[in-house]
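# What the coordinates show
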Amino acid sequence: MLVWSRTGRALTWAFALLLFAVLYGLPIGVIALASISGQWNGVLPSHMTLEHYVNALQGDSLEQLHVSLWTGFVASAVALVSGTWAALALRPLARLPKRLLDVVFFIPSAVPSVSVGLGLLVAFSRPPLLLNGTTLIVLIAHFVLISAFTYGNVSAGLARLPIEFEQVAESLGARPFYRLRRVTLPLVTPYLIAAFSLSFALSMGELGATVMVYPPGWVTMPVGIFALSDRGAIFDAAALTMVLAISTSIVLVGLSHIPTRASPR
Amino acid sequence: MPADLAGTANAVPAVVRVGVERAADRSSSGIGFEDVTVAYNGLVVLDSLTLAVNPGEIVALIGPSGSGKTTALRAVAGFVRPVRGRITIGPRDVTNVAPHARNIGMVVQNYALFPHMRAEENVAFGLRARGAAADVIRQRVPECLRLVGMASYAKRYPRELSGGQQQRVAIARALAIRPQVLLLDEPLSALDAQIRRSMLDELAKLHRELPSLTVLYVTHDQTEALTLADHIGIMRDGKLVAFGDAQSLYRYPPNRFSAEFLGRANLLPVQALVATGGGMARVRFRDGAFVARNHHALPDGGECLLCVRPHDLCLAPPDAASNALTATVKSVQWQGDMQSVELDVDGHLLRVSCAPMHAPPSPGAPLTVHFSATQATLVPETMVRG
Ligand SMILES: Nc1ncnc2c1ncn2[C@@H]1O[C@H](COP(=O)(O)OP(=O)(O)O)[C@@H](O)[C@H]1O
Ligand SMILES: [Mg+2]
């Protein structure tokens, strides 16, 4: 504890809680309230109802949940495999070239995702790379936006792995692939899970690029939420937001419970 | 230099000699360094190392931190590639062989037990990696754990073991693959003093049980080296500055650095050497003269160092032909069973270890110390080879 006195500590906590409530609690609370309100004219909504949730869990909205989960899983899985591969491949590089490459990897995250979507749209709009109007272009957009984070997470994990484990494995007769499978990957499993969780969460919430490239038959939840609020169906949009948040949380909590035996010594 | 190993064989304890002979029938392998040079980014950290570890022998490489000991070990394991020279294991040149194909057991400083595997899985790792049959694994894993006294800890994870226990498992893991050579890098440095002492005894016992195992042991601790090793190599700045069997290296250090590093010798600069026959020589120190062993056959007339160990300096003449030296007392320290006295002779520090005295001298007082001619050795300032 940095603050020693009892009152000082109480004040610090109170301030932190207040800040937290205003910055996080308020917007989420408002959406949660909106999702169950039939009408909202005063300070608090009136006519509580679960009708919006019923809407959110059927028809188009249910289909969007399905699309989002599917996109999130596939894009994150592909990003995890390729990000891990890249991190392993670039590990032996010297410091400076590695730094430069790291920067390059993160550029897609630094530009607005709308621009990434636009870029993909233009790039893949004529043969032989004609991907416009396909599901694949949505997956590619998500992959481009999240792969830097998976790469970053996995290479951070590899950087923290003492080289001795792999060297001892090697001297005991482990060939490179065996060593990777039995030593390196198990020891960075927590980082792999963190990488997948982050990518999945990013993908579930992705709007900017998806809006530019999505085909009519492949509408993700954020696109659906955007369309609903655009039409003025605020309460339905709020309910769909809650469904999105809850389903993402369930997946993330599930991921965090994957047992990893690779705990630190 | 490896050629003179044969000449020192009679100083090797009998147990180990039997081991070497038995090792020979079981075709155990030695380790050879021939002119091995390793550089990191152009900076030479191991400089033309030539050294032979005979089959079944324990060789300790000692030296201060940064002297290149670990680098030498890693070159044998294959984790650094020499820019020059050859490394052999048995008859095989392994200089360009991948680490996984070298058949080496290695124990690193922090053990590096795989944290996600139980002790028995750690020990089985090398066998599994080599595709050993299930019944071989079932038989050999408990056998190796028993050898290091860890049979009852087979199901534990490394984090559930103490440092000393982890160390034993690491040794069992290295031995399970029946390696031709065992490489140990400061295996005891992470343990506290008491456990270190008992692990040292156990390592010695282990080698008696596996006499054909060739061991290269890296340490900065001279006690470990003197206790375990048949031969000791002393490293400094990437170079091997001394090599020999433990006893003669201690008694007749070949240069100043090894005299100081191995057993903190007292060294006094002496002149005008005259050989007096019988391997002895007379030298001049200030206006007096000493007689000492001239083991290295230093030439007449030259300058060199007189080397005498702190416990060989006594307050009473040990024999009729002893040397005497008067110096000024600098400090007196009582250490329980020992009295440690520091003397000053013409600006040279002289350490004396003796039995506790009833009336210890006080600082500033003159004190005459004696040493037998046979306990003092003449040492050249720099390298003598062979
Ligand atoms: N991977 C490395 N890159 C660059 N220099 C290194 C590396 N490993 C060791 N060195 C240098 O090589 C020298 C010898 O190191 P090392 O063999 O570890 O010494 P010791 O084991 O005797 O303490 C040291 O000066 C060290 O800084
Ligand atoms: Mg070292």
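Residues numbered from 1 in each chain as written. Chains lettered and ligands numbered in written order. Predicted model: local features only at pLDDT ≥ 70, side-chain atom pairs only at ≥ 80, totals over all residues. Heavy atoms only, no water.

Residues and elements named next belong to chain A. On the surface, F15, L18, L19, F20, V22, L23, Y24, L26, I28 and V30 cluster together into a nonpolar patch covering about 1,000 Å² of accessible area. Residue position: V30 is located in helix α1 (residues 6–35). V30 gets classed as partly exposed once you look at its relative accessible area, which sits at 39%. (Patch = residues over 30% accessible without salt bridge, like charges linked within 9 Å, V, L, I, M, F, W, Y side chains within 5 Å. Areas by Shrake-Rupley, 256 points an atom, 1.4 Å probe, with all protein chains shown as cover. Salt bridge = Lys/Arg side-chain N within 4 Å of Asp/Glu carboxyl O. Helix = DSSP H or I, 4+ residues; strand = E, 2+ residues; numbered from the N terminus. Buried < 20%, exposed > 50% of the residue type's maximum accessible area, 1.4 Å probe, protein only.)

Turning our attention to the domain arrangement of chain B. Residue and element names in this part refer to chain B. Here chain B is partitioned into domain 1 (3–251) and domain 2 (256–379). Computed from C-alpha atoms alone, the centre-to-centre distance between domain 1 and domain 2 is 37 Å. Tallying the contact residues gives 14 residues for domain 1 and 10 residues for domain 2. Here domain 1 packs against domain 2, burying approximately 1,100 Å² in sum over the two surfaces, 67% of which is carbon and sulfur. Run the count over domain 1 and domain 2 and you get 0 salt bridges. Taken together, the connections running from domain 1 to domain 2 amount to 3 residue pairs in polar contact (both at pLDDT 80 or more). Those elements that place two or more of their residues in the side of domain 1 that touches domain 2 are α7 (222–228), β9 (231–236), β10 (239–245) and α8 (246–251). Its residues placed into classes, the side of domain 1 that touches domain 2 shows 9 nonpolar, 3 polar and 2 charged. (Domains from an automatic or database assignment. Contact = heavy atoms within 4.5 Å. Buried area = accessible area lost by both parts, 1.4 Å probe. Polar contact = N/O pair within 3.5 Å; in protein donor to acceptor, adjacent residues only side chain to side chain. Nonpolar A, V, L, I, M, F, W, Y, C, P; charged D, E, K, R; others polar.)

Okay, the interface of chain A and chain B next. Across the boundary between the two partners, chain A contributes 22 residues, which contact 25 residues of chain B. Together chain A and chain B conceal approximately 2,400 Å² of surface at their shared face, both sides included; 62% is due to carbon and sulfur atoms. Counting across the chain A and chain B interface gives 0 salt bridges. Our count for the contact surface shared by chain A and chain B stands at 3 residue pairs in polar contact (both at pLDDT 80 or more). Secondary-structure elements contributing two or more residues to the side of chain A that touches chain B are α7 (163–171) and α8 (176–205) of chain A. Across the side of chain A that touches chain B, the residue classes tally to 12 nonpolar, 4 polar and 6 charged.

To continue, consider empty space enclosed by the protein. Remark: the empty space left among the atoms is shown by a probe the size of a water molecule rolled over them. All names here are of chain B. A complete count under the given rule lists 1 cavity of 30 Å³ or more for this structure. Empty space within the largest cavity amounts to approximately 80 Å³. Of the residues forming the lining of the largest cavity, the biggest block, 3 residues, is contributed by helix α6 (residues 193–209). Residue composition of the lining of the largest cavity, by class: 9 nonpolar, 1 polar and no charged. (1 Å grid on protein atoms, 1.4 Å probe; cavity = no way out; pocket = protein on both sides within 12 Å on 5 of 7 lines; lining within 4 Å. Points joined across faces, edges and corners; volume = space filled by probe spheres on them.)

On to the environment of L255(A), then. Residue and element names in this part refer to chain A. Assignment of secondary structure puts L255 in helix α11 (residues 234–256). In this structure the C-alpha to C-alpha distance between L255 and S197, which are 58 residues apart in sequence, comes to 6.9 Å. In this structure, L255 is in contact with I193, F196 and S197, ignoring residues within four places of it in sequence.

Looking now at the site of ligand 1. All names here are of chain B. The immediate surroundings of ligand 1 are formed by Y40, V45, P64, S65, G66, S67, G68, K69, T70 and T71. The backbone of S67 places a nitrogen or oxygen atom 3.1 Å from an oxygen atom of ligand 1. For ligand 1, the accessible surface in isolation is 560 Å², of which the surrounding protein chains cover 57%. Considering every element that reaches the shell around ligand 1, the biggest residue donor is helix α2 (residues 69–77), with 3 residues. A class-by-class count of the residues in the shell around ligand 1 yields 3 nonpolar, 6 polar and 1 charged. (Near = heavy atom within 4 Å.)

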